[in-house]
Amino acid sequence: MKDIKCVQKTGNILEFEQLREKLGIIDKKDVSSLEIKVIDENSEQYGISKEKLMENAGRAVYEEIVNLNFDFSKAYVLCGTGNNGGDGFVIARHISNNFATFVVLVGNERKIRTAETQKNFNILKNMEAFGNLEYINILENENAIDLIKTLENELKNENVLVIDAMLGTGFTGNLKNPYSTIVDYLNDLKSKYYENLKIISVDIQTGNLKSDLEVILHKRKVENKNKNFVVKNIGIPKYIENMVGKGDFYLLNKRKLNSHKGQNGKVLIIGGSKEYHGAPVFSGLAASKFADIVTVASVSNVIDTVRNYPELMPHELNGEYISQKNTDELLDLSKNYDCTVLGSGLSLNSDTKEFVNSYLNETNGKVVIDADAIKLIDYGNFEFKNNFIFTPHKKEFGYMKDYVKKYAKNQGFNSTVVLKGSIDIVFDPDNIKMNITGNQGMTVGGTGDILCGIIGAIYACNDAFPSACCGTYINGYCGDLLEKEYGYYYNSTDIIKILPKALNELLY
């Protein structure tokens, strides 16, 4: 049912579309190679397999070839070992129905990188025995030069089509042999036999290859340089780009093998009061499952609770509430941390209001702003800095939404917001996404405190928007794991306990 809920223009989905319109957020025309990887992964999660996308991509390029104003007698499909090569294998299968087709694998067969590429390669190997198709494997420069010599001899007498499916958007750096040799020789042939040779690149041209046309799949990439291009639909629904999914975790930095204590995040939790001592503890415990070091700065009765958890470092403040007199101390303390989580259990009064506004006005560090802190901000005299992440539920968003929309129109809104609900909406000035993990069991107290702790721990070592998306997904994913085992009968302590399992399943 969650998949159906994603595309209905009712309830939270209608709110999503209205919010997108009011904020002036438009879909990106160009995406990066990493963003397209996210889209591919999320497409598979929400029901469109990578194998299906590869088939659609190959078919789309073949349709463009059919429409070419170019009569050719032979086609050479140059394929790498990645998914770009897999697209090439599909193209070759379609072309071979009508033309003599040579499939050229540049690389070792044993190093084909994905299951969907391997499957399409196997199909071609089977076809070779009875199809209008010949397979060539290039492992060394000598093989590449032999191929080019054969191609040149053919170009003297006939028209030849070359499909470049060697290296896709995942490739970075300088070309190595035999790729560089192939590209250099093809460019030379193109200058000699301009009328007889047509080169079509799949999604993105390999290196500095002088292809006649780039057939771009789904959406233009920032790496695309060819002025002659066409963008082809490969069946990815528009809403997929607006969904948070497992693919978003590709945007997070991985833990380095040789890292040491503190390099995977140091988080400071500022919260708690005379009335509320559990909220900052929940935030701290959640953050401690991801970050190396977590400190809770709070008043004495909260610190008494914190000391029951050795994984949390206490920083005790005098008084019953955090107040203006603590501002300088906490500003100095926060400089030793990668991210601060502010607001859980802070309480609403004149002391905390003065502190929150002073602290946020003066800090330049990363801050996740939650709960009471959201309510205490004087938005009429507030700067929505790009280092702030807000995590309001609908009622808390009511305190800030008019100012968010107002500043967005004047390019004065630069923060990230997680609007919590049955469907969460995550947005910043340029991006907006929905998250559908989670369930009714998460209405129990403490889940919001856990969320801001998770986001703060991720944000300590990553950018704001992917941190907000992934943190929101993780929090709901924990609830979904618990629902499978206990129904809706769990609490926030159960979420803390299952966090390591969720992280282990989700983080690449």
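The protein goes by Bifunctional NAD(P)H-hydrate repair enzyme in an unreviewed UniProt entry, where it is assigned to Methanococcus maripaludis OS7. Taken directly from UniProt, the Subunit (unreviewed entry) text for the protein runs: "Homotetramer."

Further remarks concern the UniProt feature "binding site: AMP" (unreviewed entry) in the protein. The feature "binding site: AMP" (unreviewed entry), as annotated in UniProt, sits at Gly448 in this numbering. With respect to the element layout, Gly448 can be found in helix α16 (residues 447–459). Non-local contacts of Gly448, meaning those with residues more than four positions away in its chain, are made with Asp370 and Lys420.

Summed over all chains, the structure comprises one cavity of 30 Å³ or more. Computed from the structure, the largest cavity encloses a volume of approximately 30 Å³. Taken together, Tyr76, Leu78, Leu147, Ile148, Leu151, Ile182 and Leu186 form the lining of the largest cavity. For the lining of the largest cavity, the secondary-structure elements that each account for two or more residues are β2 (74–79), α7 (141–155) and α8 (179–192). Residue composition of the lining of the largest cavity, grouped by class: seven nonpolar, no polar and no charged.

So, on to the sheet that holds strand β9 (residues 229–232). Read from one edge of the open sheet, seven strands run β4-β3-β2-β5-β6-β7-β9, paired in parallel fashion. At either margin of the open sheet sits one strand with a lone partner, and together these are β4 (133–138) and β9. If you compare each strand with its neighbour and ignore which way they point, the axes differ by 20 degrees on average. Sitting on the sheet, helix α5 (residues 83–95) touches β2, β3 (100–106), β4, β5 (160–165), β6 (197–202) and β7 (213–217), and the angle it makes with β2 is about 160 degrees. α7 rests against β2, β3, β4, β5 and β6 of the sheet, and its axis sits at about 160 degrees to β2.

Tallied over the full model, the rule gives 27 salt bridges. Across the pair Arg93 and Glu55 runs a salt bridge whose closest N-O atoms are separated by 2.6 Å. Pair noted here: Arg93 is in helix α5 and Glu55 is in helix α4 (residues 50–66), with a separation of 38 residues, a long-range link. Glu55 sits in the partly exposed class, given a relative accessible area of 26%. One salt bridge in this structure joins Glu109 and Lys125, with 3.7 Å as the shortest N-O distance.

So, how was this worked out
- Residues numbered from 1 in each chain as written.
- Predicted model: local features only at pLDDT ≥ 70, side-chain atom pairs only at ≥ 80, totals over all residues.
- Heavy atoms only, no water.
- UniProt positions renumbered as here; feature names shortened; annotations may be inferred.
- Helix = DSSP H or I, 4+ residues; strand = E, 2+ residues; numbered from the N terminus.
- Contact = heavy atoms within 4.5 Å.
- 1 Å grid on protein atoms, 1.4 Å probe; cavity = no way out; pocket = protein on both sides within 12 Å on 5 of 7 lines; lining within 4 Å.
- Points joined across faces, edges and corners; volume = space filled by probe spheres on them.
- Nonpolar A, V, L, I, M, F, W, Y, C, P; charged D, E, K, R; others polar.
- Pairing = 2+ DSSP bridges.
- Axes fitted to C-alpha atoms, helices over the stretch in contact; angles between N-to-C directions.
- Salt bridge = Lys/Arg side-chain N within 4 Å of Asp/Glu carboxyl O.
- Buried < 20%, exposed > 50% of the residue type's maximum accessible area, 1.4 Å probe, protein only.

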